[in-house]
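Commentary on secondary and tertiary structure
What follows is the residue order along each chain.
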Amino acid sequence: MAKILVVDDEAAITTQLEIRLVRVGYEVVGSASSGKEAIEKAKSLRPDLILMDIVMPGEFDGIEAAAIIRSEMDISCIFLTAFTEEGIVNRAKTVEPLAYVVKPLGPRTASCDRSIAL
């Protein structure tokens, strides 16, 4: 089963995602609360996939962190965000995420070419 890193600056969201992912059989290898921490954990944990919040505090937002992770480690991301403005979505598309999931999370939430259930 895929190993997943969950990245969100809201602990409640991270916990909710981890519970849902484990429940459907995925292995959550860790979590991070900033773009910088996500990059560090991606290097050390080598997940198969990263669920990445776009807007986070710190040196890198989720899009910048995803771009670095993709270029240095070739790990794909699924973006999580409450922001659906065209500018943010277009910027997020530049790093070719697998999906764009809009928060708040429901039983089935996805906004992309592929549908995922968390």
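A few points on the structure. (Residues numbered from 1 in each chain as written. Predicted model: local features only at pLDDT ≥ 70, side-chain atom pairs only at ≥ 80, totals over all residues. Heavy atoms only, no water.)

1. Structural notes on the sheet that holds strand E4 (residues 76-81)
As a reminder of what qualifies: Strands qualify as paired when DSSP identifies two bridges or more between them. Strands here are runs of E lasting at least two residues and helices are runs of H or I lasting at least four, both read from the DSSP assignment and numbered beginning at the N terminus. Orientation is described by axes fitted as lines to C-alpha atoms, over the contacting stretch for helices, and by angles from 0 to 180 degrees between their N-to-C directions. Note on contacts: a residue pair is in contact if any heavy atoms of the two residues lie within 4.5 Å.
Reading across from one edge, E2-E1-E3-E4-E5 is the order of the 5 strands in this open sheet, with parallel pairing throughout. Both edges of this open sheet fall to strand E2 (27-32) and strand E5 (99-102), since each of them pairs with a single strand only. With strand direction ignored, the average angle separating the axes of adjacent strands in the sheet is 20 degrees. Bridge count between strand E1 (residues 3-7) and strand E3 (residues 49-53): 4 bridges; the pairing is parallel. Residue pairing across strands places Ile4 opposite Leu49, the latter belonging to E3. Here helix H1 (residues 11-23) sits on the sheet in contact with E1, E2, E3 and E4, set at roughly 170 degrees to E2.

2. Some remarks on the pairing of E4
Basically, it comes down to this: Buried means the residue's accessible area, taken with a 1.4 Å probe over protein chains only, is under 20% of the maximum for its type, while exposed means over 50%, and partly exposed covers the values in between. Convention used here: a crossover is right-handed provided that the path from the first strand, over the helix, to the second strand proceeds clockwise when the strands point away from the viewer.
Counted residue by residue, E4 has 6 buried out of 6 residues, so it is predominantly covered. Pairing between E3 and E4: 5 bridges, direction parallel. Paired with Leu49 across the strands is Ser76, a residue of E4. Handedness of the E3-helix H3 (residues 62-73)-E4 crossover: right-handed. Judged from the 4 bridges that link them, E4 and E5 form a sheet pairing that is parallel. If you follow Leu80 over to E5, its bridge partner there is Val101. Crossover E4 to E5 through helix H4 (residues 86-93) is right-handed.

3. Some thoughts on the environment of Leu80
With respect to the helices, strands and loops of the structure, Leu80 is situated in strand E4. Here the alpha-carbon distance between Leu80 and Val101, two residues 21 residues apart in the chain, equals 4.8 Å. Setting aside chain neighbours within four positions, we find Leu80 in contact with Val7, Asp8, Leu17, Leu51, Met52, Asp53, Ile54, Val101 and Lys103.

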